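# Report on the structure
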2 protein chains.
Amino acid sequence: MEKEKTDKKDHILDVAEKVFAELGYDGASTRVISGEAGVNMAMLNYYFGSKEGVFLAIFERRIASFQSTLLGIGADESKDSWEKLNKYVESYVDRVINNNCFHVMLNREISKSKKTDLTDKITDIIMKNVAVFQQIIAEGIASGQFNNDVDEALLTATLFGTKNYMVNTHHISSRVIGYDVMDRKNQDELLKPRLKTYLKKLLKAYLQPENDNNN
Amino acid sequence: MEKEKTDKKDHILDVAEKVFAELGYDGASTRVISGEAGVNMAMLNYYFGSKEGVFLAIFERRIASFQSTLLGIGADESKDSWEKLNKYVESYVDRVINNNCFHVMLNREISKSKKTDLTDKITDIIMKNVAVFQQIIAEGIASGQFNNDVDEALLTATLFGTKNYMVNTHHISSRVIGYDVMDRKNQDELLKPRLKTYLKKLLKAYLQPENDNNN
DNA sequence: TTTTTCTAATCAATCGTTTGATTAACTTTG
DNA sequence: CAAAGTTAATCAAACGATTGATTAGAAAAA
């Protein structure tokens, strides 16, 4: 019974995550979510208190494991900066594409200009992932492994922005890249390896010290 | 009178653009928009037919001039590929940041997974800008000015994704970059030149043929 | 006057949420 | 064991509030 209850709650969150990604937080009604999940509308409030409670529950389910993986890479003393950077990129691409619905949902809500409790909460969470990346860059520069003429902040924007572009604006990215980026098979066989290879190469070109990139 | 009417319609669109960016299409009610614009609610329907009509009117007001500028750069025979690329980046950064509310609004709606008439329309418009960029890259590769081992599609994702990250997720990008990216003064004095310099340098590092970037 | 612009009042529809009743399963009691 | 009591889970129905849209008519402009 306890197990069944958890499964059911998880099922509701799975469906809600997808519907929120499809229609946005405001566009997704509790009736659509409950209908698509095959449960009574009142169950959303019974389990999660409110519509916002559903949204936050989706959050807390995804965050914990996601953070720890990236933090572990940043703290790994056995790797040099280049290895950390490549490992970060690979882990990040895998996790984001595997949970693309969640990241679409997350980025839609953070892109609201108006500051709310929700945007604050999302910002804090995302900043932790950003901080790990920036720490890797800073260490690489300090140790001389990376070029010291680097715009760390905008390089961060490039890494996360490229990712966002691929998963968040998939109507466009699918046409740019030539296949449906929301298709699971394409994601695993084509998109993931291609995006990893590309990002590592792009970062290498920009960060490697032997090049003289000054304009 | 015709002039006054146009001014009023323009004022409504200015306000609506801002509110849509703040709250999203679904989150922005006609009452809030009309209230903030200081006009009667019924005026939205009187002038634009419907809420969606307001949204589309914002669109058509921004698009025409935006397209022509970029198309002109791509077609300029007097420039080589590097010059075209740099000019494209500069024009693009200027236009996007000057109209940041519009681009926030635009990207929020395109990020809905579900395909609608609206997402189709937005996709077609954006693809035109993308096509100009990709044409510049393709020409540069063909002429030997750029490296021929280039992932054009993902480089496109990087250019537009970096831009999106800065203007669309401004709660995050402001913290990453250290100042408020939505402040007009910061945008003109700090963000625009920095983003232009960075993107040109990044593209140069990735595209220049003399480097041996293969892994 | 005729036409255009604007408003207050109102519409049906939909929103998120709450309610009271019912079901099913487990515990306690006799 | 069986009856009574207790609990969480589920449901259909309804709640008040808000949504986008429409109306009839006043006000202003021509």
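As the structure is a computational prediction, the values presented were derived from the model and not from experiment.

### Some thoughts on the protein's contact with DNA strand C
Neighbouring residues of DNA strand C: 17 residues in total, closest A:Thr30, A:Arg31, A:Met41, A:Lys51 and B:Tyr47. Backbone atoms, meaning sugar and phosphate, form 52% of the atoms of DNA strand C found within 4 Å of the protein. Between DNA strand C and the protein, one listed contact pairs a base oxygen with a side-chain N or O atom of A:Arg31 at 2.8 Å. B:Asn40 has a polar backbone atom sitting 3.3 Å from a phosphate oxygen of DNA strand C. When contributions to the surface near DNA strand C are tallied by element, the ones reaching two or more residues are helix H2 (30-37) and helix H3 (42-48) of chain A together with helix H1 (2-27) and helix H3 (42-48) of chain B. It is H3(B) that contributes the most residues to the surface near DNA strand C, four residues altogether.

### Brief notes about the UniProt feature "DNA-binding region" (unreviewed entry) in chain A
Residues annotated in UniProt with the feature "DNA-binding region" (unreviewed entry) correspond here to residues 29-48 of chain A. Its end C-alpha atoms 15 Å apart, residues 29-48 of chain A is made of 75% helix and 0% strand.

### Topic: the nonpolar core
As a rule of thumb, nonpolar side chains are buried together in soluble globular proteins. Judged by nonpolar contacts, the single largest core of 139 residues is most densely connected at A:Phe20, A:Tyr88, B:Phe20 and B:Tyr88. The contact partners of A:Tyr88, leaving out residues within four places of it in the chain, are A:Leu70, A:Ile73, A:Asn129, A:Val130, A:Val132, A:Phe133, A:Ile136, A:Leu159 and A:Phe160.

### Considerations on the packing of helix H5 (residues 81-98) of chain B against helix H10 (residues 184-207) of chain B
Residues and elements named next belong to chain B. H10 packs onto H5 with a crossing angle of 150 degrees between their chain directions and a minimal axis gap of 10 Å. The angle between H5 and H10 falls in the class roughly antiparallel. Our pair here, H5 against H10, has a crossing hand that is right-handed. Contacts from Trp-82, Leu-85, Asn-86, Val-89, Glu-90, Val-93, Asp-94, Ile-97 and Asn-98 of H5 reach H10 at Arg-184, Gln-187, Asp-188, Leu-191, Lys-192, Leu-195, Lys-196, Leu-199, Lys-200, Leu-203, Lys-204 and Leu-207. Classifying every residue of the contact of H5 with H10 by side-chain character gives ten nonpolar, three polar and eight charged.

### Quick notes on helix H10 (residues 184-207) of chain A
Residues and elements named next belong to chain A. The end-to-end C-alpha distance of H10 is 32 Å, a good match for the 34 Å that 24 residues give at a rise of 1.5 Å each. The principal kink in H10, of about 40 degrees, is found at Leu-191, preceding the proline Pro-193 by one to four residues. Measuring from the side-chain oxygen of the N-cap residue of H10 to the backbone nitrogen of Lys-185 gives 3.2 Å; that N-cap residue is Asp-183.

### Structural notes on the domain arrangement of chain A
Size of an interface, as often reported, equals the accessible area lost when the parts are brought together. Residues and elements named next belong to chain A. For chain A, the assigned domains read domain 1 (1-49) and domain 2 (59-207). Between the C-alpha centres of domain 1 and domain 2 the distance comes to 28 Å. With ten residues of domain 1 at the interface, the matching set in domain 2 holds nine residues. Taking the shortest distance from any N to any O, the salt bridge between Asp-10 and Arg-61 comes out at 3.7 Å. Inspection of the region where domain 1 meets domain 2 yields five residue pairs in polar contact (both at pLDDT 80 or more). Of the residues belonging to the side of domain 1 that touches domain 2, the class tally is four nonpolar, one polar and five charged.

Cut-offs and rules
Residues numbered from 1 in each chain as written. Chains lettered and ligands numbered in written order. Predicted model: local features only at pLDDT ≥ 70, side-chain atom pairs only at ≥ 80, totals over all residues. Heavy atoms only, no water. Near = heavy atom within 4 Å. Polar contact = N/O pair within 3.5 Å; in protein donor to acceptor, adjacent residues only side chain to side chain. Helix = DSSP H or I, 4+ residues; strand = E, 2+ residues; numbered from the N terminus. UniProt positions renumbered as here; feature names shortened; annotations may be inferred. Core = buried A, V, L, I, M, F, W, Y, C linked by side-chain atoms within 4.5 Å. Buried < 20%, exposed > 50% of the residue type's maximum accessible area, 1.4 Å probe, protein only. Contact = heavy atoms within 4.5 Å. Axes fitted to C-alpha atoms, helices over the stretch in contact; angles between N-to-C directions. Parallel < 35°, antiparallel > 145°, perpendicular 65-115°, else oblique. Left-handed = near helix turned anticlockwise from the far one by under 90°. Nonpolar A, V, L, I, M, F, W, Y, C, P; charged D, E, K, R; others polar. Expected span 1.5 Å × (residues − 1). Bend = angle between axes of the 7 residues up to and from the residue. Domains from an automatic or database assignment. Salt bridge = Lys/Arg side-chain N within 4 Å of Asp/Glu carboxyl O.

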